Structure formats: structure tokens, C-alpha cells
Amino acid sequence: MERYTLGLYEKSMPSSLSLAEKLTVASEASYDYIELSIDETDEKLNRLSWDHSERKGLLDAMDSIGIRIRSICLSGHRKYPLGHPDFAVRQRSMAIMCDAICLASDLGIRLIQIAGYDVYYVPSSEESKKRFAENIAIAVEVAAREGVILAFETMETPFMDTTAKAMHWVHEMDSPYLQVYPDTGNVTNAAALYGTTLEADLGTGHGHLAALHLKESNPGVYREVPYGHGHVDFKEATKVALSLGVRMFVGEFWYTGEEDWRNLLKENGLFLRSALKEGEKALGL
């Protein structure tokens, strides 16, 4: 049995594919599971309104294909953030959060990665941080009721661009249902910005790291950097994460119209598994 599982971010595949087709493709490319995307587009947010038959259909597809959706990347809060000054936006934000938790519960998903933003398209303030804290506290209660873990992604904005900053909120809420789900690309960029290291930053989350996004980046560039063309040290990242008890990893990269995207899925999977094996070897595992 492998010491870890390697998931595949849904957006690494063409959006024209059905979820059943994505599950099949991920299995054929030797990934262990899929991370579902609930982003700020209406197409993805509408998934929160799936009825019983649609949810059952997805469960049946997972059983039939033999690969599951084990986590959700909930980035819809970028458009509808928890700390937004507009009450109506905050209401929508909390509805998205609660509906995502219920969807996860219905699909047997135990982990939701949530965006570490108080606001995104408007300026952050002491008031936005206060509203964020109030709404996170409510969200954690809902998650605890459903037995679903929420985990902050380290982002590209100063509010929560490091594991250490995410841990401030974990300690504030003091619940097993709120943890941290760092992003190697974002953490590496933050370490370069603040003169620290990935190892030191991830270490601040010891005992609270639910999973790790394996994403490439370059200084100031946070998306769509091909593996091996950035500055993330994946051997070091996986070694540190494994030493801290992380066992769920997700390859986060995007489909951007490549004709050979199926081969790219396989190549990226091999690249990430090689890094994980190097991390294990460095730890003597």
C-alpha cells in the first residue's frame, strides 16, 4: 500500500468532459482521486443545487468507474467573500459555504479546501477581517455538524499567503473541523517574498495540515507554470509534508487547450510521484 494518495485537480481536464468522463480519464492516468472544483462561475456554483438524483448519479459513477472525488476546491468565495461589506454578498457567501458542506456530506467527501480571503475584489480592512471571523465561526459549526473538514488554502494575497497566517485562524477557531491545506506554489512565492523557507512555513502548521496542493510557480506568477519550469522544490516540499504527516496530495495544474492534454496528465502524474518518492527516500521511508 502506498504511503500517500495523489489526486488530480478537476480543471486539469477540458471542461467539455462530463464528471464521469473526468473520473475515467483520471483513473487511466493513474491518479487516485479527483478534486472537484466549485469556483466563482455559474456553471460550477450550480453544482451546489444538484438534486438527489444528480448526486446519486455521481455516486453511482464513482462506484462504477472505481475512482472517487475525495476533496473539493471551493474557490467561489473569491467572488462572494465572507468578509465583503455588502450584506447580500455575505449572505450568498454563507449559502455557498453551507451548500458546499452539504454537497460534500452527500457525496462522502470529507475535505473542502476553502480560500484564505476575507475579501478579494475590494480592499481588505479591519471590518472585513471581523466579518470574516464571524462567518468562519458559523461555517465551522456547520462543518462539524456534517463531519466535513474545512481547510484554508494559502493564497496569493497578504491576508493569508502563508501557513503561519492560516494557523492564526485555526487557533482562533480551535476546532478539529478547521485546518490548513497549503499550496506549494503560493507558499514558495511567499517564502521568497518574506525571506523565509517553505520548510519553516509548513512547519508552523504541524498537526493541522490536511493535504497539500502540488503546484508550480515563479516569483509573482501563481498560475499555469508548467512543472519543472518554476522555482518550487517539489522534493523538499514532499519531504517536509510527509514528515509533518500529510498523506493527501493533489496535482494542481490547468488545461489550457493543449492537444496532448491526456499525455500531459500522465507526464505530470509521473513527475509528482517521482518527487514524492524522492521525498520518501530523503526521510528514509
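Residues numbered from 1 in each chain as written. Predicted model: local features only at pLDDT ≥ 70, side-chain atom pairs only at ≥ 80, totals over all residues. Heavy atoms only, no water.

A. Representation of the overall build of the chain within the structure. When helices and strands are tallied, the chain shows ten helices and eight strands. Taking 2.2 N^0.38 as the reference for a compact globule, 285 residues should give roughly 19 Å; the C-alpha atoms of the chain span a radius of gyration of 18 Å, in line with that estimate. Taken along its principal axes, the extent of the C-alpha atoms in the chain is 50 × 45 × 35 Å. Per-residue burial for the chain yields a buried fraction of 53% across its 285 residues. A separation of at least 24 residues holds for 77% of the contacts in the chain among residues at least 6 apart in sequence. Of the roughly 12300 Å² that the chain leaves accessible, carbon and sulfur atoms contribute 50%. Each charge class in the chain can be summarised by its mean position, and for the 29 positive and 42 negative side chains these summaries are 2 Å apart. (Helix = DSSP H or I, 4+ residues; strand = E, 2+ residues; numbered from the N terminus. Rg over C-alpha atoms; globule rule 2.2 N^0.38 Å. Buried < 20%, exposed > 50% of the residue type's maximum accessible area, 1.4 Å probe, protein only. Contact = heavy atoms within 4.5 Å. Areas by Shrake-Rupley, 256 points an atom, 1.4 Å probe, with all protein chains shown as cover. Lys, Arg positive; Asp, Glu negative; His and termini not counted. Charge placed at Lys NZ, Arg CZ, Asp CG, Glu CD.)

B. Local environment of the sheet that holds strand β1 (residues 5-9). Reading across from one edge, β6-β5-β4-β3-β2-β1-β8-β7 is the order of the eight strands in this open sheet, with parallel pairing throughout. Lying at the two open borders of the sheet, with one neighbouring strand each, are β6 (178-180) and β7 (212-214). Direction aside, the axes of adjacent strands within the sheet are offset by 30° on average. Where strand β5 (residues 149-153) lies against β6, three bridges are found, and the strand directions are parallel. Residue pairing in the sheet places A151 in a bridge with Q179 of β6. Contacting β4 (111-115), β5 and β6, helix α5 (residues 126-146) runs over the sheet at an angle of about 145° to β5. Those strands touched by helix α6 (residues 163-173) are β5 and β6, and its axis lies near 165° from that of β6. (Pairing = 2+ DSSP bridges. Axes fitted to C-alpha atoms, helices over the stretch in contact; angles between N-to-C directions.)

C. Structural detail: the side chain of D161. Position of D161 relative to the elements: it lies in the loop between β5 and α6. Among the residues examined, D161 registers a relative accessible area of 5% and is labelled buried. A polar atom in the side chain of D161 sits 2.6 Å from the side chain of Y194. If sequence neighbours within four positions are ignored, D161 has contacts with T154, M155, N186, V187, A190, L193 and Y194. (Polar contact = N/O pair within 3.5 Å; in protein donor to acceptor, adjacent residues only side chain to side chain.)

D. Molecular detail of helix α7 (residues 184-194). Most of α7 sits inside the fold, with eight of its eleven residues counted as buried. Those residues of α7 that are buried lie in contact with β5, α6, α8 (198-203), β7 and α9 (234-243). Looking at where α7 begins, the residue whose side-chain oxygen comes 2.8 Å from the main-chain nitrogen of G185 is D183. Just beyond α7, the residue with positive phi is G195, at close to 70°.

E. Layout of the pattern of salt bridges. Taken as a whole and assessed by the stated rule, the structure comprises 15 salt bridges. Here E10 ties to R47 by a salt bridge, and the two come within 2.7 Å at their closest N and O atoms. One end of the pair, E10, is in the loop between β1 and α1 (19-28); the other, R47, is in the loop between α2 (42-45) and α3 (52-65), and 37 residues separate them in sequence. Across the pair, R47 and E10 agree in class, each one buried. For R78, the salt bridge is made with E40, and the minimal N-O distance between the two is 2.6 Å. Here the residue R78 occupies a position in the loop between β3 (68-74) and α4 (87-107), and E40 occupies one in the loop between β2 (33-38) and α2, the gap between them amounting to 38 residues. The exposure class of R78 is partly exposed, given its relative accessible area of 26%. Three or more residues joined by partner-sharing salt bridges are found here, namely E10, K22 and R47. (Salt bridge = Lys/Arg side-chain N within 4 Å of Asp/Glu carboxyl O.)

F. Local environment of the pairing of β3. Of all seven residues that make up β3, five are buried, and the element is covered over most of its length. Pairing between β2 and β3: six bridges, direction parallel. Within β3, the position partnered with E35 by the bridge is S71. Of the pairings in the sheet, the one linking β3 to β4 comprises four bridges and is parallel in character. Its bridge partner lying in β4, S71 is registered against L111. As for the winding sense of the linkage, the β-α-β connection from β3 through α4 to β4 is right-handed. (Right-handed = clockwise from strand over helix to strand, strands pointing away.)

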